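Architecture at a glance
Spelled out, the chains give:
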Amino acid sequence: GLADGGHTFYVRAVDLAGNVDSSPDSRSFTIDSIAPTITISFPVPNGANGWFISSPVAGTVTASDNLNVASLSCSGASQGGLVGGGTPNASRTLSVSGNGSHNVNCTASDGASNVSDSETIRIDTTAPSITYIGRTPNANGAGWNNSPVTLGWLCLDQTVDKFTPYIFQVVPNT
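Described below are features of the structure shown in this document. The written sequence of each chain sets the order in which its residues are numbered from 1. Totals for whole chains, interfaces and linings use every residue, but because this is a predicted model, local features are given only for residues with pLDDT of at least 70 and side-chain atom pairs only at 80 or more, for both listing and counting. Remark: hydrogens and water are excluded; side-chain values derive from all non-hydrogen atoms of the structure.

Here's the deal with the overall build of the protein
Defined as follows: Strands here are runs of E lasting at least two residues and helices are runs of H or I lasting at least four, both read from the DSSP assignment and numbered beginning at the N terminus. Radius of gyration means the value over C-alpha atoms here, while the globule rule gives 2.2 Å times the residue count to the 0.38 power. Only protein chains enter the accessibility calculation, which uses a 1.4 Å probe. A residue is then buried if its area is under 20% of the maximum for its type, exposed if over 50%, and partly exposed in between. Whether two residues touch is decided by their heavy atoms; if any such pair falls within 4.5 Å, the residues are in contact. Each accessible area is a Shrake-Rupley result for a 1.4 Å probe, and residues are judged covered by the shown protein chains and nothing else.
Secondary structure summary: the protein contains 0 helices and 12 strands in total. Going from N to C terminus, the protein has its helices and strands arranged as β-β-β-β-β-β-β-β-β-β-β-β. Here the protein has a C-alpha radius of gyration of 32 Å; the compact-globule value for 174 residues is 16 Å, and the former is much larger. Dimensions of the protein, computed from C-alpha atoms along their principal axes, come out at roughly 125 × 30 × 20 Å. Within the span of the protein, comprising 174 residues, buried residues form 22% of the whole. For the protein, long-range pairs separated by at least 24 residues make up 48% of all intrachain contacts whose partners lie at least 6 apart in sequence. In the form shown here, the protein has an accessible surface area of approximately 11,200 Å², with 53% of it arising from carbon and sulfur atoms.

See below:
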């Protein structure tokens, strides 16, 4: 097969008597079997366990192609204007905001092929809450306990949609 890139096909007519066409025809075409490569970049999360604790989160998407990047678009993020469209390297700024897990999907086209890439951005700007849920056994009439006491709290993180009960037992000194 033909290699990627520009090619020109020339046609010249010759009849049975050997007369040669003095103005051959030609057609040019481009073969492009290589899809653009996409890179989605966001900073390292500033919270624990891969979460951002501030919003919005700014990033970039870049696309590179051996010929030209015709288009570059993303869903799941606000996009800045296309820079470098119609050249071998194009980019857009991205911004993701709001608590929760966000999937950013990007597609680049070079006019012959499409590729996609995605990135998950997790944002949690809300601190968890803690609620005292009680103790057992209840204190005696004088407000004292003479046996081990169990205390309980409920911790809730609404963004991550998880709750964790914490139970502590207080054992008297003997």
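Section: the sheet that holds strand β4 (residues 57-64)
Cut-off, in case you're wondering: Note on pairing: two strands pair once DSSP finds at least 2 bridges between them.
Strands sit in the order β3-β4-β7-β6 across an open sheet of 4 strands; the sheet is antiparallel. Strands at the two margins of the open sheet, each flanked by one partner only, are β3 (37-41) and β6 (78-79). Taken together, the 8 bridges between β4 and strand β7 (residues 89-96) define a ladder with antiparallel strand orientation. For G59, the partnering residue across the bridge sits in β7 and is L94.

With respect to the pattern of salt bridges
Pairs can form between side chains of opposite charge once their charged atoms are near each other. We apply this condition: Any carboxyl oxygen of Asp or Glu within 4 Å of a side-chain nitrogen of Lys or Arg constitutes a salt bridge here.
Going through the model one piece at a time under the given rule, you end up with 1 salt bridge. In this structure, D25 engages R27 in a salt bridge whose closest nitrogen and oxygen atoms are separated by 3.4 Å. For D25, a relative accessible area of 40% puts it in the partly exposed group.

Some details on a nonpolar patch on the surface
To be explicit about the condition: Residues with no salt bridge and a relative accessible area higher than 30% make up the patches, which join like charges within 9 Å and nonpolar side chains (Val, Leu, Ile, Met, Phe, Trp, Tyr) within 5 Å.
Taken together, the side chains of L2, F9, V11 and F29 define a hydrophobic patch exposed on the protein surface, amounting to about 380 Å² of accessible area. On the accessibility criterion, V11 (42% relative accessible area) is partly exposed.

A word on the sheet that holds strand β9 (residues 114-123)
Note the following rule: Lines fitted to the C-alpha atoms define the axes, with helices restricted to the stretch that makes contact. Angles between their N-to-C directions range from 0 to 180 degrees.
Sheet architecture is open: 3 strands sit in the order β5-β8-β9, paired in antiparallel fashion. Single-partner strands in this sheet number two, and they are β5 (71-75) and β9. Ignoring strand direction, the axes of neighbouring strands in this sheet form an average angle of 15°. With 5 bridges connecting them, β5 and strand β8 (residues 100-109) associate as antiparallel partners. Paired with S75 across the bridge in β8 is N105.

Notes on the state of the cysteines
Joining two cysteines, a disulfide is a covalent bond between their sulfur atoms. Applicable threshold: Pairs of cysteine sulfur atoms within 2.5 Å are identified as disulfides in what follows.
This structure, assessed with the given rule, holds 1 disulfide. Through a disulfide, C74 is tied to C106; the S-S separation comes to 2.1 Å. Looking along the S-S bond of the C74-C106 disulfide, the torsion reads about 110°, which is the right-handed sense. With C74 in strand β5 and C106 in strand β8, this residue pair connects regions lying 32 residues apart in the sequence. For C106, a relative accessible area of 0% translates into the label buried.

Section: the packing of aromatic side chains
The cut-off we apply is this: For Phe, Tyr and Trp, rings pair up if their centres lie within 6.5 Å, where Trp contributes its six-membered ring, and each pair is then called stacked (planes under 30 degrees apart), edge-to-face (over 60) or tilted (otherwise).
The full count for this structure, using the stated rule, is 1 aromatic pair. Judged by centre distance (5.7 Å) and plane angle (65°), the ring pair of Y132 and W153 falls under edge-to-face. Of this pair, Y132 sits in strand β10 (residues 129-136) while W153 sits in strand β11 (residues 149-157); the two residues are 21 residues apart in sequence, bridging distant segments of the chain.

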